[in-house]
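Breakdown of the fold
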Amino acid sequence: MSPHTPRPSPPLPTPPWWDDLSTAVMVTDGELRLQAMNGSAEVLLGLSRERILGHPLGHWLHLDRNLSTRLRSALVQDQPITLRARQMEPLRAESFLADVIITPLQGEGDEPGRLLFELSAIDRHERISREEQLQKQQAISRAVTRGLAHEIKNPLGGLRGAAQLLAGELDDPDLREYTRIIIHEADRLRALVDRMLGPNNMPQRTSVNLHEILEHVRGLISVQLPLGVKIRGDYDPSIPEIKADRDMLVQALLNLVQNALQALGDEGDIVLSSRILRQYTVSGKRHRLVARLSVRDNGPGIPEEVRERIFFPMITGRASGTGLGLPIAQSLVQLHDGLIECHSRPGSTRFDILLPVAGPPASESPDA
Ligand SMILES: Nc1ncnc2c1ncn2[C@@H]1O[C@H](COP(=O)(O)OP(=O)(O)OP(=O)(O)O)[C@@H](O)[C@H]1O
Ligand SMILES: [Mg+2]
């Protein structure tokens, strides 16, 4: 080790309630190397602490030169820094807007000083209200679809039955071909209406391993990949098993991966990943633990004209699409009290399946 290499920075012990804080908290040493972080900070940076403690914060969060200099002098001058509505750019997660307070912690005696970072993400509130809005719109769209489906299915049954009777009366094979077409098209329409209605069973929940499911989907897709498309997994091993309907989750993931594949065409990368989020709100409920399964691709992004509406039935940006893959996937995940969210820009599209991991709700701490 050269005399200038800073000593490795050992992690700091943290109290048990540390991970119950909704504010992201991190502690670095004077060299800005992470010594402690809580679950909310892991969520914002998109990384687990096992991977990054001891490493410089700047490896995971973009710190411009100006801010790095201010941070170092904050410690020397013992002056806290407050940043309002600052755009934060993690290198492995979505950027976010946050109020940030950085407080120097002077060490006792020979102990070196540290910096305490508190980050309150502002756009989380925005995300939650957008989510509520989307859910209201989807409830209306579901009610309309159900009404319409009912109105279509009844006469369709009569139409099909009549065509069958007629076929029995006809000797001319050319005329029977017409009745065959009527029956075939009636069946096709019925299948379409059934898809529009989405899943009609409740989930059969068993204990499932989410990584096994992701790997299964990866295996299914791998056999139909064009040569230039690669698919890989990036999993957080700390996710516990959850109670879920395996087939439903496989179906939801397949719909997302199919879309990624179609968007990429002949070349590109798909990444299936998993993360555990702590103290996270899904569909208006805060959960202690939420599993996030993501399907990411580096394709062209969702076309602007459909971006806001992709979870509604029959909305498609593809000539041959029916626009049902995403609403079906969303319904399947909502049956698990979860939600699918989407972030898309040219070159990077990510669909996140958020699934609450069963356990006591965040407000009823077992230690309370
Ligand atoms: N990863 C993605 N990249 C770019 N656009 C996407 C992506 N995923 C979805 N989309 C857009 O969202 C639209 C809706 O997707 P959805 O799966 O609901 O329907 P579809 O793929 O068009 O048809 P279906 O899935 O019923 O065959 C797609 O047509 C596409 O324009
Ligand atoms: Mg699709």
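Structural notes, computed from the coordinates. (Residues numbered from 1 in each chain as written. Chains lettered and ligands numbered in written order. Predicted model: local features only at pLDDT ≥ 70, side-chain atom pairs only at ≥ 80, totals over all residues. Heavy atoms only, no water.)

**Some remarks on the sheet that holds strand S5 (residues 114–121)**
Inclusion rule: By the convention used here, strands pair only if DSSP detects at least 2 bridges between them. By the criteria applied, helices consist of DSSP H or I runs no shorter than four residues and strands consist of E runs no shorter than two, each listed in order from the N terminus. Here, axes are lines fitted to C-alpha atoms. For helices the fit covers the stretch in contact, and angles between N-to-C directions go from 0 to 180 degrees.
Spatial strand order, S2-S1-S5-S4-S3: five strands in an open sheet with antiparallel pairing. The two strands at the open ends of the sheet, each matched to only one other strand, are strand S2 (34–37) and strand S3 (81–88). Averaged over all adjacent pairs, the angle separating strand axes in this sheet is 25°, with direction ignored. With six bridges connecting them, strand S1 (residues 24–29) and S5 associate as antiparallel partners.

**Quick look at the pattern of salt bridges**
Two side chains bearing opposite charge may form a pair once their charged atoms approach each other closely. Our working definition: Here a salt bridge means any side-chain nitrogen of Lys or Arg lying within 4 Å of a carboxyl oxygen belonging to Asp or Glu. Any residue under 20% of the maximum accessible area for its type is buried, any over 50% is exposed, and the rest in between are partly exposed; the area is computed with a 1.4 Å probe on protein chains only.
What the rule picks out here adds up to 17 salt bridges. Where Asp-337 meets Arg-205, a salt bridge forms, and the shortest distance between an N and an O atom there is 3.7 Å. Note that Asp-337 is positioned in the loop between helix H8 (325–334) and strand S11 (339–345) and Arg-205 in the loop between helix H5 (173–197) and strand S6 (206–208), a separation of 132 residues in sequence. We classify Arg-205 as partly exposed; its relative accessible area is 38%. Several salt bridges share partner residues, and in doing so they unite Asp-19, Glu-42 and Arg-49 into one network.

**Some remarks on the site of ligand 1**
We count it as follows: When at least one non-hydrogen atom of a residue lies within 4 Å of a molecule or strand, that residue is treated as near it. Distance and chemistry together define a polar contact, namely a pair of N or O atoms within 3.5 Å, with one atom able to donate a hydrogen and the other to accept it when in protein, and with adjacent residues in sequence counting only for side-chain atoms on both sides. Only the protein chains shown count as covering a residue, and every accessible area follows the Shrake-Rupley method with a 1.4 Å probe. Asp, Glu, Lys and Arg are counted as charged, while Ala, Val, Leu, Ile, Met, Phe, Trp, Tyr, Cys and Pro are counted as nonpolar; the rest, among them Gly, fall into the polar class.
Asn-259, Asp-297, Thr-316, Gly-317 and Thr-322 are the nearest of the 23 residues found near ligand 1. Within the side chain of Arg-318, one N or O atom sits 3.0 Å away from an oxygen atom of ligand 1. Contact with the protein chains removes 91% of the 600 Å² of surface that ligand 1 exposes when unbound. Of all the secondary structure elements, the ones that give two or more residues to the shell around ligand 1 are helix H7 (246–264), H8 and strand S12 (348–356). Ranked by the residues each element gives to the shell around ligand 1, the list is headed by H7, at four residues. Its residues placed into classes, the shell around ligand 1 shows ten nonpolar, ten polar and three charged.

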